[in-house]
Each structure stands twice: as C-alpha cells, then as structure tokens.
Amino acid sequence: QVQLVESGGGLVQPGGSLRLSCAASGIIFSTYNMAWYRQAPGKQREWVATIASGGYTGYVNSVRGRFTISRDNAKSTVYLQLNSLKPEDTAVYYCKASSTRTPDYWGRGTQVTVSS
C-alpha cells in the first residue's frame, strides 16, 4: 500500500520559514519524480516545485529563490524548505509521487498559514 505523509506545516509570521517533509512508503522512492503542490482557499491546486529522480529541480516563478525542494532517497523523504514566507503562500501543501509506470500518488496535505 502506497502512502505519502506530509508534515511540518503550521502558523508562521510573514518573513518566517518552515520545512515541510513528505515521507513515502510502498514505492521504490528513488525511481519516482516528487513534487509539491498547494491549494489556497477558493483556488485551484497549483504546482509549486518538482525534483526528478535524477535530481533536476524546477519551481513556479512565484516561489523561485524562496523555496527549495530536496530529497533523501535513503529516507524515502522529500522536503520543501519555505523561506521569506508571504501571506499569499497560505495553503494546504501536498506532495505527489509520479512515474511513467504507475498512477500518481498524493498525500493528504499539511496546512501552512502565514499571518501576523
């Protein structure tokens, strides 16, 4: 059974930082591309960042230079470091595992709230 479990969300002031984690089980983690998405209230889910199985990374323009995605294949975990947070970063953050051989797998999300 595949599971993706996000953690690390919370309430933070503008300008603050958080580190999100997504622990995967039931998949050969190193062979999957991993991504973070977010969904703000009343908005569609949007892609935030990707780290490919080979290590290539990509970011949406609104977070480039502030967020950093990384992975630890030994721990089957992907991370998202969120720095210089803004109120507009408030959302539920989800991780996704994808490959060409299986359906996509999603976690249940972790809430990030940026507010003073």
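Counting restarts for each chain: residues are numbered from 1 in the order of the written sequence. Per-residue local features of the predicted model are confined to residues with pLDDT of at least 70, and side-chain atom pairs are confined, for both listing and counting, to 80 or more; whole-chain, interface and lining totals are unaffected and use all residues. Side-chain measures were taken over the full set of non-hydrogen atoms in the model, leaving aside hydrogen atoms and water.

## Overview of the state of the cysteines
Okay, step 1: Only a pair of cysteine sulfur atoms within 2.5 Å counts as a disulfide in this structure description. Enumeration according to the criterion identifies one disulfide in this entry.
Okay, step 2: The disulfide partner of Cys22 is Cys95, and the gap between their sulfur atoms is 1.9 Å. Between Cys22 and Cys95, the S-S dihedral sits near 45 degrees, and the bridge is therefore right-handed. On the criterion of sequence distance, the pair formed by Cys22 in strand E3 (residues 18–25) and Cys95 in strand E9 (residues 91–98) is long-range, its members being 73 residues apart. Comparing Cys22 with Cys95 shows no difference in burial state: the two are buried. Only DSSP runs of H or I covering at least 4 residues are called helices, and only runs of E covering at least 2 are called strands; the numbering of each starts at the N terminus. The buried label applies to any residue whose accessible area, calculated with a 1.4 Å probe on protein chains only, is under 20% of its type's maximum; exposed applies above 50%, and partly exposed to all values in between.

## Side note on the pattern of salt bridges
Okay, step 1: We count a salt bridge whenever a side-chain nitrogen from Lys or Arg sits within 4 Å of a carboxyl oxygen from Asp or Glu. Throughout the structure, instances matching the rule amount to four salt bridges.
Okay, step 2: With a shortest N-O distance of 2.8 Å, Asp89 and Arg66 are connected by a salt bridge. Of this pair, Asp89 sits in the loop between strand E8 (77–82) and E9 while Arg66 is found in the loop between strand E6 (57–59) and strand E7 (67–72), placing the two residues 23 residues apart along the sequence. Residue Asp89 shares its accessibility class with Arg66, and that shared class is buried.
Okay, step 3: The partner of Lys96 in a salt bridge is Asp104, with the nearest N and O atoms 3.7 Å apart.

## Quick word on unusual backbone geometry
Okay, step 1: Of note, Ser76 is a non-glycine position whose phi angle comes to about 50 degrees, a positive value.
Okay, step 2: Considering the arrangement of structural elements, one finds Ser76 in the loop between E7 and E8.
Okay, step 3: One non-glycine residue, Ser84, lies in the positive phi region at around 50 degrees.
Okay, step 4: Note on Ser84: relative accessible area 41%, which makes it partly exposed.

## Digging into the packing of aromatic side chains
Okay, step 1: In summary, the pairing rule links any two rings of Phe, Tyr or Trp, Trp by its six-membered ring, whose centres are within 6.5 Å, and it sorts them by plane angle into stacked for under 30 degrees, edge-to-face for over 60 and tilted for everything else. On inspection of all chains with the given rule, the structure shows two aromatic pairs.
Okay, step 2: With a centroid separation of 6.3 Å and an interplanar angle of 45 degrees, the aromatic rings of Tyr32 and Tyr105 are classed as tilted. With a gap of 73 residues between them, Tyr32 in the loop between E3 and strand E4 (33–39) and Tyr105 in strand E10 (residues 105–106) connect regions that are remote in the sequence.
Okay, step 3: Among the residues examined, Tyr32 registers a relative accessible area of 5% and is labelled buried.
Okay, step 4: Two conditions define a charge sitting above a ring: the NZ of Lys or the CZ of Arg must be within 6 Å of the ring centre, and it must be within 35 degrees of the ring normal. Sitting above the plane of the Tyr79 ring, Arg19 keeps its charged end 3.9 Å from the centroid.

## Things to note about the sheet that holds strand E1 (residues 3–7)
Okay, step 1: We call two strands paired when DSSP finds no fewer than two bridges between them. If you trace the four strands from one edge of the open sheet to the other, you get E1-E3-E8-E7, paired in antiparallel fashion. Because the sheet does not close on itself, it has two edges, and the strands there are E1 and E7. For this sheet, the mean angle separating the axes of adjacent strands, direction not counted, is 15 degrees.
Okay, step 2: Pairing analysis gives six bridges linking E7 to E8, with the strands arranged antiparallel. When the sheet's bridge partners are listed, Ser70 is paired in E8 with Tyr79. Orientation is described by lines fitted to C-alpha atoms, with helices fitted over the stretch in contact, and by angles between N-to-C directions that extend from 0 to 180 degrees.

So, to be careful, I would describe these as geometric facts and stop short of saying anything about function.
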